Amino acid sequence: MSNQFELPALSYAFDALEPAIDARTMEIHHDKHHAAYVANLNKALESAPEFFDRKIEDILRNLNSVPESVRTAVRNNGGGHANHALFWQMIAPGGAKKPAGDLAKAMDAAFGSYDAFIEKFSNAAMTRFGSGWAWLVLDGNGKPQVYSTANQDSPYSEGHLPLLGLDVWEHAYYLLYQNRRADYVKAFWSIVNWDVVADFFKAA
Ligand code: MN3
C-alpha cells in the first residue's frame, strides 16, 4: 500500500508529564489507543487507497468526499489519529505556561481574560457527556472559540483550526484519576505548552 498513515513517535519520554499524567497512561494511550486509530484508519481506506495521498486534516475537512461505506470509520479513526497527533504536541514538556503576545490578545478579546478562558474550557471538558474532547479553535472567521466534540469528531470537520485540545475519554485519565475528571482537567493546565499553541495560531 502506498502512503499508509503512520503513528507519529512521541517526542518525549512516557514519564515526562508526571505527575499530571502518569507514564503507564501515556504508554497505553500512545502505543495502544493512538496506534489502533491509525491501524483502523489504514484498514478503512484499503477500499479507497487514493486517500492515502492526502493529509488527514484535509480528509477530515471534506468527509463528504469519503465513500459512504467507510465514512464513519474514517471520521472516528481519522479523527482519533489527528486529535491525538495534535494532543501529544500540545502537552509536550517545556514552553510557556500561559498564552502571550498576539495569541493572548486574541483570546482576551474573545473570552475577556485568561481566567475566563480557563473556566470556559474547563467547563466544556467537564460537561462533555461520555467520551470526547474540549477545544480551543479558530473558527472560519479566525476568531477563537471554545467548545467540546463527541467521540473523535475533529474541529477540522467544522472548518475550524484546532489550537488546543484536551482528551476527556476515560482512557486518557482513568488509571491515575479514576472518575475524577475535574482533577485531570485541573492538572492539564500545568502541562499545556503554550509555545506550541502559539505556533498553531501563527500558522493560521
Ligand atoms: Mn485518547
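Preceding this section is the structure that the text describes.
Quick notes on the rules
- Residues numbered from 1 in each chain as written.
- Predicted model: local features only at pLDDT ≥ 70, side-chain atom pairs only at ≥ 80, totals over all residues.
- Heavy atoms only, no water.
- Buried < 20%, exposed > 50% of the residue type's maximum accessible area, 1.4 Å probe, protein only.
- Helix = DSSP H or I, 4+ residues; strand = E, 2+ residues; numbered from the N terminus.
- Pairing = 2+ DSSP bridges.
- Phe/Tyr/Trp six-rings, centres within 6.5 Å; stacked < 30°, edge-to-face > 60°.
- Salt bridge = Lys/Arg side-chain N within 4 Å of Asp/Glu carboxyl O.
- Core = buried A, V, L, I, M, F, W, Y, C linked by side-chain atoms within 4.5 Å.
- Domains from an automatic or database assignment.
- Contact = heavy atoms within 4.5 Å.
- Axes fitted to C-alpha atoms, helices over the stretch in contact; angles between N-to-C directions.

## Overview of the pairing of strand β1 (residues 132-138)
Okay, step 1: Among the seven residues in β1, seven count as buried, and that is most of the element.
Okay, step 2: Alternating positions in β1 separate into two faces, Gly132, Ala134, Leu136 and Leu138 on one and Trp133, Trp135 and Val137 on the other, with burial throughout.
Okay, step 3: The sheet contact formed by β1 and strand β2 (residues 144-150) spans seven bridges and is antiparallel. When the bridges of β2 are listed, Leu136 appears paired with Val146.
Okay, step 4: Taking the residues between adjacent antiparallel strands as the criterion, β1 and β2 are bridged by five residues, where Gly142 takes a positive phi near 75°.

## Some remarks on the packing of aromatic side chains
Okay, step 1: With the rule as written, the count across this model stands at 14 aromatic pairs.
Okay, step 2: On the basis of an interplanar angle of 70° and a centroid distance of 6.5 Å, the ring pair of Tyr114 and Trp194 is categorised as edge-to-face. Taken together, the residues Tyr114 in helix α5 (residues 114-127) and Trp194 in helix α8 (residues 194-203) connect sequence positions 80 residues apart.
Okay, step 3: Aromatic pair Tyr173 and Tyr184: ring centres 4.9 Å apart, planes at 25°, arrangement stacked. With Tyr173 in the loop between β3 (161-167) and α6 (174-177) and Tyr184 in helix α7 (residues 181-188), this residue pair connects regions lying 11 residues apart in the sequence.
Okay, step 4: The exposure class assigned to Tyr184 is buried, which follows from its relative accessible area of 2%.
Okay, step 5: Among the aromatic residues, those joined into a ring-pair cluster are Phe111, Tyr114, Phe117, Phe121, Phe188, Trp189 and Trp194.

## Quick look at the pattern of salt bridges
For side chains of opposite charge, pairing can occur when their charged atoms come near one another.
Okay, step 1: Evaluated as defined, the whole model comprises six salt bridges.
Okay, step 2: Where Asp58 meets Arg61, a salt bridge forms, and the shortest distance between an N and an O atom there is 2.8 Å. Note that Asp58 and Arg61 are positioned in helix α2 (residues 56-61) at a spacing of three residues, about one turn of the helix.
Okay, step 3: Residue Arg61 is classed as partly exposed on the basis of its relative accessible area, which comes to 39%.
Okay, step 4: A salt bridge links Arg180 to Asp183; the shortest N-O distance between them is 3.1 Å.
Okay, step 5: Of the residues examined, Asp183 reaches a relative accessible area of 35% and is grouped as partly exposed.

## A look at unusual backbone geometry
Okay, step 1: Cis geometry is adopted by the peptide bond preceding Pro19, which originates at Glu18 and carries an omega value of 5°.
Okay, step 2: Inspection of the secondary structure puts Pro19 in the segment before α1 (23-44).
Okay, step 3: Not every positive phi belongs to a glycine, and Asn151 is a case in point at roughly 55°.
Okay, step 4: Position of Asn151 among the secondary structure elements: in the loop between β2 and β3.
Okay, step 5: Overall, Asn151 belongs to the partly exposed group, its relative accessible area being 40%.
Okay, step 6: For Gln178, which is not a glycine, the phi torsion comes out positive at approximately 50°.
Okay, step 7: Inspection of the secondary structure assignment puts Gln178 in the loop between α6 and α7.
Okay, step 8: On the accessibility criterion, Gln178 (31% relative accessible area) is partly exposed.

## What about the nonpolar core?
Okay, step 1: In terms of nonpolar packing, the biggest core is built from 66 residues, with Phe117, Leu164 and Trp194 touching the most fellow members.
Okay, step 2: Inspection of this core shows a minimum of three residues originating in each of domain 1 (23-90) and domain 2 (101-203).
Okay, step 3: Once residues lying within four places of it in the same chain are set aside, the contact partners of Leu164 are Met90, Phe117, Phe121, Ala134, Trp135, Leu136, Phe188, Trp189, Val192, Trp194 and Val197.

## Points about the sheet that holds β3
Two orientations exist for strands paired in a sheet by backbone hydrogen bonds: parallel and antiparallel.
Okay, step 1: As summarised here, the arrangement of the three strands in space is β2-β1-β3, forming an open sheet in which the pairing is antiparallel. In this open sheet, the two strands that pair with only one neighbour each are β2 and β3. Neighbour to neighbour, the strand axes of the sheet diverge by 25° on average, direction disregarded.
Okay, step 2: Where helix α3 (residues 68-90) meets the sheet, it contacts β1 and β3, and its direction lies at approximately 85° from that of β3.

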